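Observations on the model geometry
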Amino acid sequence: QVPLIESGGGSVQAGGSLTLSCSASEDIFSTYVKGWFRQAPGQRREFVAAISRTADTVYYTDSVKGRFTISRDNTKNTVYLQMSSLTPEDTALYYCVADPDYYGGGSQGYAYWGQGTQVAVSS
């Protein structure tokens, strides 16, 4: 059973917005650090954003600051990524991640991964 399931991806024109959601299969994940990574074709997987267990701190990669917002609703066991002012450079497969302890930008730190949701931004 895939522990994390992403949704909300799709195609949008440059300047548009999308909101990604990630639901967890087990209640324990509501206490985990959550985050998002992305991988564009032919590129390395890239950290996007992370949010602490109680949402008191958030962390973004520089390229999305001011455009993306990560948030979570622990009562729904869901984490969100609101994306605005999208550019073709944001086109990628977006992955939801979770970990009981790790809070940072390294992909190796997160124990749980979703299967990804595709975002395509056209110019």
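Residues numbered from 1 in each chain as written. Predicted model: local features only at pLDDT ≥ 70, side-chain atom pairs only at ≥ 80, totals over all residues. Heavy atoms only, no water.

**Notes on the state of the cysteines**
- Applying the stated criterion to the full structure yields one disulfide.
- Here Cys22 engages in a disulfide with Cys96; their sulfurs sit 2.1 Å apart. Judged by the sign of its S-S torsion, about -80°, the bond between Cys22 and Cys96 is left-handed. Highlighted residues: Cys22 in strand β3 (residues 18-24) and Cys96 in strand β9 (residues 92-99), separated in sequence by 74 residues.
- Residue classification places Cys96 among the buried positions, given a relative accessible area of 0%. (Disulfide = S-S within 2.5 Å. Helix = DSSP H or I, 4+ residues; strand = E, 2+ residues; numbered from the N terminus. Buried < 20%, exposed > 50% of the residue type's maximum accessible area, 1.4 Å probe, protein only.)

**So, the sheet that holds strand β8 (residues 78-83)**
- The four strands are arranged β1-β3-β8-β7 in an open sheet whose pairing can be described as antiparallel. Only two strands of the sheet have a single neighbouring strand rather than two, namely β1 (4-7) and β7 (68-73). Taken over all neighbouring pairs, the strand axes of this sheet differ in orientation by 15° on average, direction set aside.
- Where β1 lies against β3, four bridges are found, and the strand directions are antiparallel. Residue pairing for β3: Ser7 is matched across the bridge by Ser21. (Pairing = 2+ DSSP bridges. Axes fitted to C-alpha atoms, helices over the stretch in contact; angles between N-to-C directions.)

**Considerations on a nonpolar patch on the surface**
- Where nonpolar side chains cluster on the molecular surface, the patch consists of Val58, Tyr59 and Tyr103 and spans about 250 Å² of accessible area.
- In this structure, Tyr59 sits in strand β6 (residues 58-60).
- Its relative accessible area of 38% is what places Tyr59 among the partly exposed residues. (Patch = residues over 30% accessible without salt bridge, like charges linked within 9 Å, V, L, I, M, F, W, Y side chains within 5 Å. Areas by Shrake-Rupley, 256 points an atom, 1.4 Å probe, with all protein chains shown as cover. Salt bridge = Lys/Arg side-chain N within 4 Å of Asp/Glu carboxyl O.)

**Overview of the pattern of salt bridges**
- The final tally for this structure, using the stated rule, is five salt bridges.
- In this structure, the salt-bridge partner of Glu46 is Arg38, at a minimum N-O distance of 2.7 Å.
- Under the relative-accessibility criterion, Glu46 is labelled partly exposed at 30%.
- When the shortest N-O distance is used, the salt bridge between Asp62 and Lys65 registers 3.0 Å.
- A relative accessible area of 48% places Lys65 in the partly exposed class.
- Connected via shared salt-bridge partners are Arg38, Glu46, Arg67 and Asp90.

As far as function goes, none of this settles anything; it's purely spatial.
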